[in-house]
Amino acid sequence: MNKRMWPSIRAVCLVVFLAWIGVSTAQGGEVRTLRGSVPLDGADNAPELTKWMPDSHPLPRAYLQQPPLVPHQIESYKIDLRQNKCLTCHSWGKAKETRATKISLTHFRNRFGSEMSDISPQRYFCTQCHVPQKDAPPLVENTFQPVDAVVQ
Ligand code: HEC
Ligand code: HEC
């Protein structure tokens, strides 16, 4: 075969290959995803989480009324009008199964002191008070001591 024909043969092969890719993508063919056959909008079909592991153990509270620090990552946990990711583990109905601490009884009390049948709107946005814990040196010196009678 004439050596000078090689470049054109290669060009033809490339065109055929690109055309094949184009056709298989356009047909939506057998593109495999990690999501499997779950459609993008089928959030309800997402596989159930079966195992929950705390990232670390809760640090002791500095005083009794302190909102406990969060001992796990919360990065993608959404809290908005429609959903509260924290409650999917910490609500009283789920806590046994997920082994998370139940939200405190105080979280059912509204600002007038009445007990409600569900979490009080005052306590809905958990990260207003609960922040992830970090084992880092304090930014400012602090000599706080809890009172002896209610030390935990
Ligand atoms: C997938 C389940 C899950 C989700 C979602 C979750 N948590 Fe947790 N959380 C746990 C588990 C399990 C523990 C560990 C309890 C332990 O080790 O005593 C924990 C511990 C905590 C604690 C420490 C409680 C204590 O006893 O000191 C706080 C505070 C907390 N979570 C807040 C949150 C907040 C706020 C969110 C949402 C931003 C959230 N969690 C979302 C499972 C979850
Ligand atoms: C306005 C502040 C505030 C908000 C908002 C709030 N908490 Fe708390 N949380 C506290 C304080 C303070 C405590 C400790 C004293 C107590 O039990 O009330 C506490 C205690 C807890 C405890 C430990 C309960 C126990 O028995 O030791 C958990 C778990 C918890 N909160 C989860 C949540 C979750 C989940 C949300 C959101 C749905 C939330 N909290 C919203 C302030 C808050």
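Criteria and cut-off values
- Residues numbered from 1 in each chain as written.
- Chains lettered and ligands numbered in written order.
- Predicted model: local features only at pLDDT ≥ 70, side-chain atom pairs only at ≥ 80, totals over all residues.
- Heavy atoms only, no water.
- Helix = DSSP H or I, 4+ residues; strand = E, 2+ residues; numbered from the N terminus.
- Buried < 20%, exposed > 50% of the residue type's maximum accessible area, 1.4 Å probe, protein only.
- Contact = heavy atoms within 4.5 Å.
- Donors = N, O, S within 2.8 Å, 3.2 Å for Na, K, Ca; no water.
- Tetrahedral: all angles 85-135°; square planar, octahedral: opposite > 155°, others 65-115°.
- Salt bridge = Lys/Arg side-chain N within 4 Å of Asp/Glu carboxyl O.
- 1 Å grid on protein atoms, 1.4 Å probe; cavity = no way out; pocket = protein on both sides within 12 Å on 5 of 7 lines; lining within 4 Å.
- Points joined across faces, edges and corners; volume = space filled by probe spheres on them.
- Nonpolar A, V, L, I, M, F, W, Y, C, P; charged D, E, K, R; others polar.
- Polar contact = N/O pair within 3.5 Å; in protein donor to acceptor, adjacent residues only side chain to side chain.
- Core = buried A, V, L, I, M, F, W, Y, C linked by side-chain atoms within 4.5 Å.
- Phe/Tyr/Trp six-rings, centres within 6.5 Å; stacked < 30°, edge-to-face > 60°.
- Lys NZ or Arg CZ within 6 Å of the ring centre and 35° of its normal.

**A closer look at the environment of Ser114**
In this structure, Ser114 sits in the segment after helix H3 (92-98). Ser114 sits in the partly exposed class, given a relative accessible area of 36%. Ignoring any residue separated from it by four or fewer positions in sequence, one finds Ser114 in contact with Phe108 and Arg109.

**Comments concerning the coordination of the iron atom of ligand 1**
Here the iron atom of ligand 1 is held by His72 (NE2) and His90 (NE2), and the distances to it run 2.0 Å. Note that the iron atom of ligand 1 binds six donor atoms; their angles at the metal cover 87 to 179°, and the shape is octahedral. Taken together, the residues His72 in the loop between helix H1 (6-26) and helix H2 (87-90) and His90 in helix H2 connect sequence positions 18 residues apart. Assessed through its relative accessible area of 23%, His72 is described here as partly exposed.

**Quick look at the environment of Gln65**
Within the element layout of this structure, Gln65 appears in the loop between H1 and H2. By relative accessible area, Gln65 is classed as exposed at 62%.

**A look at the pattern of salt bridges**
Should their charged atoms come close, side chains of opposite charge can pair. This model, assessed by the stated rule, comprises one salt bridge. Note that Glu115 is salt-bridged to Arg109, the shortest N-O span being 2.8 Å. The partly exposed category is assigned to Arg109, whose relative accessible area is 35%.

**Describing the layout of surface pockets**
Estimates place the volume of the second largest pocket at around 580 Å³. Lining of the second largest pocket is provided by 19 residues; of these, Ala62, Gln66, Leu69, Pro138 and Asn142 occupy positions nearest its centre. Tallied by class, the residues present in the lining of the second largest pocket amount to 13 nonpolar, three polar and three charged.

**Focus: the side chain of Asn110**
Relative to the helices and strands, Asn110 is located in the segment after H3. A polar contact is formed between the side chain of Asn110 and the backbone nitrogen of Phe112, at a distance of 2.9 Å. Dropping the residues within four chain positions of it, Asn110 is found in contact with Met116, Ser120 and Gln122.

**Observations concerning the coordination of the iron atom of ligand 2**
Coordination sphere of the iron atom of ligand 2, protein contribution only: His107 (NE2) and His130 (NE2), at 2.0 Å. The site at the iron atom of ligand 2 holds six donor atoms, and with the angles between them running 87 to 179°, its shape is octahedral. Of the two residues, His107 is situated in the segment after H3 and His130 in the segment after H3; the sequence distance between them amounts to 23 residues. Take His107 and His130: they sit in the same class, and that class is buried.

**Regarding the nonpolar core**
Ile79, Cys86, Leu87, Ile103, Phe108, Ile119, Tyr124 and Cys126 together form the largest nonpolar core, which totals eight residues. Excluding residues within four positions of it along the chain, Ile119 makes contact with Leu87, Ile103, His107, Phe108 and Tyr124.

**Digging into the packing of aromatic side chains**
Aromatic rings in a pair are described by how distant their centres are and how their planes are angled relative to each other. This model, assessed by the stated rule, comprises three aromatic pairs. Ring plane angle 85° and centroid distance 5.1 Å describe the contact between Tyr124 and Phe125, whose orientation is recorded as edge-to-face. The partly exposed category is assigned to Phe125, whose relative accessible area is 42%. We note Lys102 situated over the ring of Trp92; from NZ or CZ to the ring centre the distance is 4.3 Å.

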